[in-house]
Amino acid sequence: MTELYIHNGRDVSGAPVAVLITDGVIAEVGTELTVPVGCPTLDAQGCYITAGWIDDHTHCNAHAALYYDDADAIGYRTGVTTVIDAGSTGADNVADLYQQAHRAATNVYALLNIARTGIVAQDELADLNQLSFSALRTAIKRYPDFIVGLKVRVSKSVVGDNGVEPLRVAKQYQADLTVQLPLMVHIGSNPPELAAIIALMRPGDVLTHCFNGKPNGIVNSTGEVAQYVRKAYQKGLIFDVGHGTDSFSFRTAALARTAHLFPQTLSSDIYYRNRLNGPVYSLAVCVEKLLLLGYRLEEIIPMITTNPARIFKLTHKGQLCRGYDADLTIFQTVTAPQIVVDSTGEERIAPTQVIPTYSVIAGRVYTCGVDK
Ligand SMILES: [Zn+2]
């Protein structure tokens, strides 16, 4: 039996928290626990302890030509214990991503791109011959515990002249599958128009890049969140941040917050280039940006733990509770103002730095920022 006791930490409300882990599972959570003599301990003095962070929009297919990264570089080294690859692969190459996932210390899951090649070029849905329901269904049957959703990218640069047709097909595929899988929809340049995209989306569908600052975003020409967007949100459309190189605007995010439209999930859309050169850098930096917009840590942490776990049915993850997987993120916050930049080039001052210290994955401790 492998045990680990992590203590002297705080939860996001500031209350003391201690966690006992047995064989990769959370055995007990409390303020201070009685533990067996000789149990290894980790002192989390000065740190928060939360459920392991889940980044539900990343690109970690190391063999992709365009958007690629290493799961551990964007995972445990930055405090993220679970990454979901958002459509880098489709039915033809998801097997390769599955093999890579097994070699990573970080938990890796996949949203399957409805285009069977995944993202090999920018315009994977400009050719509708990329769509094959039988190939999609076969892949999902083969990797039921790995594929946790579907992904469709519906912007001009991706669909060419096909408008919303790929999204219509994605919704049909989703309905025809015997398993229920959530659908993540990428938005960006037009056509197709956002109104036409949202008209095809249903409650429970995930709108990623929700706070992009593009003309085809959620904010209309009068500087307000469009009425059809508010209506869809109120009915249950899920807002996912998906920061990325081009898809996060402080202005849009602030306008949405004023309109009481909050993201359910905070994700980075990270890959090596926007990790190394910005503006993404890490999920922790995305947390810093929501803090500067006025969100509290108690509001943000569910966006990277319980909410993505619920939406993508990671039923043993996302909560610091007995019986859940022993995936934890241990991190500090420091009042140290710094300049951060969004995808439009706008700079703002983030008052708080968020510094991951340890990632714990299945009870094993990894020091953030350090190679294996
Ligand atoms: Zn992406």
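Residues numbered from 1 in each chain as written. Predicted model: local features only at pLDDT ≥ 70, side-chain atom pairs only at ≥ 80, totals over all residues. Heavy atoms only, no water.

Caption draft 1: Focus on the UniProt feature "site: Transition state stabilizer" (unreviewed entry) in the protein. In this structure's numbering, the residues bearing the UniProt feature "site: Transition state stabilizer" (unreviewed entry) are R153. Structurally, R153 can be placed in strand β9 (residues 147–154). According to the relative accessible area criterion, R153 is buried, its value standing at 5%. R153 has contacts with Y67, I119, A121, Q122, E124, L125, V158, V159 and H186, leaving out every residue within four places of it along the chain. A polar contact of 2.9 Å, which involves the side chain of R153, links it to the side chain of Q122. (UniProt positions renumbered as here; feature names shortened; annotations may be inferred. Helix = DSSP H or I, 4+ residues; strand = E, 2+ residues; numbered from the N terminus. Buried < 20%, exposed > 50% of the residue type's maximum accessible area, 1.4 Å probe, protein only. Contact = heavy atoms within 4.5 Å. Polar contact = N/O pair within 3.5 Å; in protein donor to acceptor, adjacent residues only side chain to side chain.)

Caption draft 2: The arrangement of the coordination of the zinc ion in detail. Looking at the zinc ion, one finds its protein donor set to be H57 (NE2), H59 (NE2) and D269 (OD), positioned 2.1 to 2.3 Å from the metal centre. Read in sequence order, the donor residues coordinating the zinc ion give the pattern H-x1-H-x209-D. One end of the pair, H57, is in strand β6 (residues 53–58); the other, D269, is in the loop between α8 (250–258) and α9 (272–276), with 212 residues separating them in the sequence. Assessed through its relative accessible area of 0%, H57 is described here as buried. (Donors = N, O, S within 2.8 Å, 3.2 Å for Na, K, Ca; no water.)

Caption draft 3: Structural detail: the sheet that holds strand β12 (residues 238–240). Pairing is parallel across the open sheet formed by seven strands, whose spatial order is β6-β7-β8-β9-β10-β11-β12. The sheet is open, and its two edges are formed by β6 and β12, each paired on a single side. Along the sheet, successive strands turn relative to each other by an average axial angle of 25°, direction set aside. Pairing analysis gives five bridges linking strand β7 (residues 80–86) to strand β8 (residues 107–113), with the strands arranged parallel. Across the sheet, I84 pairs through a bridge with Y109, a residue of β8. (Pairing = 2+ DSSP bridges. Axes fitted to C-alpha atoms, helices over the stretch in contact; angles between N-to-C directions.)

Caption draft 4: Up close: the UniProt feature "binding site: Zn(2+) 2" (unreviewed entry) in the protein. With numbering aligned to this structure, UniProt lists the feature "binding site: Zn(2+) 2" (unreviewed entry) at K151, H186 and H209. A compact arrangement is adopted by the annotated residues: their sequence extent is 59 residues, whereas the largest C-alpha distance between any two is 12.8 Å. The annotated residues that sit in the lining of the largest pocket are K151, H186 and H209. Its place among the elements puts K151 in strand β9. Among residues more than four places away in sequence, those in contact with K151 are H57, A86, G87, L111, L112, N113, I114, L183, M184, H186 and T208. At 3.1 Å, the side chain of K151 and the backbone oxygen of A86 are in polar contact. A relative accessible area of 2% places H209 in the buried class. Those residues in contact with H209 that lie beyond four places of it in its chain are H57, H186, I187, D240, V241, G242, S247 and D269. Side-chain polar atoms of H209 contact the side chain of H186, separated by 3.0 Å. (1 Å grid on protein atoms, 1.4 Å probe; cavity = no way out; pocket = protein on both sides within 12 Å on 5 of 7 lines; lining within 4 Å.)

Caption draft 5: Up close: the pairing of strand β14 (residues 347–361). When strand β13 (residues 328–341) meets β14, the two strands line up antiparallel, connected through twelve bridges. Note that in β14 the partner of Q332 across the bridge is I355. The turn linking β13 back onto β14 is made up of five residues, and G345 within it adopts a positive phi angle of 90°. Of the strand pairs in this sheet, β14 and strand β15 (residues 364–367) are connected by four bridges, and their pairing is antiparallel. From the neighbouring strand, S359 faces β15, where its bridge partner is Y366. Counting the residues in the hairpin turn of β14 and β15 gives two residues, including A362, whose phi is positive at 50°.

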